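Structural characterization, general
In case you want the letters, here they are:
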Amino acid sequence: MLFRYPEDRLPVLIIATYSVADLLVYLTVDSLPFLIVWLLLGIVPKANIGAWTHHHQHCFTFHADLPNRALETMHFFHVGISTHSWWLHHVLGHHKNYLDQDLDESRWKTRDGRIMGEWEYTFSVAGT
């Protein structure tokens, strides 16, 4: 069996479909208005790819390395961070130091101990 869990089939299909569609648009479209519409239509569904990337980093999707690397390449083009960067930042930096906000790579509290709001956290993590 290729997939570790059958629940991963739909997310992989969606990610692969968007990846192929994005590549086709990149190679064939030379219209700024079309690209803007493409961006706006895809931004919400593609936001889910970040959650699936998070899941994949904790539990690989496939039993074999090659399909995992191919999926990770698609993830990279959608979320903008490579697997190894994600592993260093999120798994080793965040999960290891989650309760020590001085060391946590994804700090969710401010220096004075206040819990950040969603937007503040998003911009803080994006900036670091």
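Right, let's walk through the structure included here. (Residues numbered from 1 in each chain as written. Predicted model: local features only at pLDDT ≥ 70, side-chain atom pairs only at ≥ 80, totals over all residues. Heavy atoms only, no water.)

Our next topic: the layout of surface pockets. Over the atoms rolls a probe the size of a water molecule, and its path tells where empty space is left. There is about 510 Å³ of room inside the largest pocket. Around the largest pocket sit 17 residues that line it, and Ala47, Gly50, Ala51, Val79 and Trp86 are the ones nearest its centre. Elements that contribute at least two residues to the lining of the largest pocket include exactly helix 2 (32-58), helix 3 (65-79), helix 4 (83-95) and helix 5 (118-127). In terms of residue count, helix 2 provides more of the lining of the largest pocket than any other element does, 6 residues in total. (1 Å grid on protein atoms, 1.4 Å probe; cavity = no way out; pocket = protein on both sides within 12 Å on 5 of 7 lines; lining within 4 Å. Points joined across faces, edges and corners; volume = space filled by probe spheres on them. Helix = DSSP H or I, 4+ residues; strand = E, 2+ residues; numbered from the N terminus.)

Turning our attention to the packing of aromatic side chains. Inspection of every chain in the model, using the stated rule, returns 3 aromatic pairs. The interplanar angle of 25° and the centroid separation of 6.0 Å between the aromatic rings of tryptophan 119 and phenylalanine 123 together place this pair among those described as stacked. In this pair, tryptophan 119 and phenylalanine 123 both sit in helix 5, 4 residues apart, roughly one turn of the helix. For tryptophan 119, a relative accessible area of 64% gives the class exposed. Here arginine 69 stacks its cationic end above the ring of phenylalanine 60, 5.4 Å away from the centre of that ring. (Phe/Tyr/Trp six-rings, centres within 6.5 Å; stacked < 30°, edge-to-face > 60°. Buried < 20%, exposed > 50% of the residue type's maximum accessible area, 1.4 Å probe, protein only. Lys NZ or Arg CZ within 6 Å of the ring centre and 35° of its normal.)

Once that is clear, we can look at the pattern of salt bridges. If you walk through the whole model with that rule in mind, you get 4 salt bridges. The shortest N-O distance in the salt bridge between aspartate 22 and lysine 46 comes to 2.7 Å. Taken together, the positions of aspartate 22 in helix 1 (residues 9-28) and lysine 46 in helix 2 put the pair 24 residues apart, joining distant regions of the chain. Between arginine 114 and glutamate 120 there is a salt bridge, with its nearest N and O atoms 3.1 Å apart. Judged by its relative accessible area of 43%, arginine 114 falls in the partly exposed class. You can call glutamate 120 partly exposed: its relative accessible area is 33%. When salt bridges with common partners are traced through the structure, they connect Asp65, Arg69 and Glu72 into a single cluster. (Salt bridge = Lys/Arg side-chain N within 4 Å of Asp/Glu carboxyl O.)

Judged by side-chain polarity, Leu32, Phe34, Leu35, Ile36, Leu39, Leu40, Ile43 and Val44 come together as a nonpolar surface patch covering roughly 780 Å² of accessible area. Within the fold, leucine 35 resides in helix 2. You can call leucine 35 partly exposed: its relative accessible area is 34%. (Patch = residues over 30% accessible without salt bridge, like charges linked within 9 Å, V, L, I, M, F, W, Y side chains within 5 Å. Areas by Shrake-Rupley, 256 points an atom, 1.4 Å probe, with all protein chains shown as cover.)

Another point: the packing of helix 1 against helix 3. Viewed as axis vectors pointing N to C, helix 1 and helix 3 meet at an angle of 60°, and their least axial separation amounts to 10 Å. Here helix 1 lies oblique to helix 3, going by the angle between them. Crossing handedness for the pair helix 1 and helix 3: left-handed. Listed contacts from helix 3 to Val12, Ile15, Ala16, Tyr18, Ser19 and Asp22 of helix 1 are Leu71, Met74, His75 and His78. (Axes fitted to C-alpha atoms, helices over the stretch in contact; angles between N-to-C directions. Parallel < 35°, antiparallel > 145°, perpendicular 65-115°, else oblique. Left-handed = near helix turned anticlockwise from the far one by under 90°. Contact = heavy atoms within 4.5 Å.)

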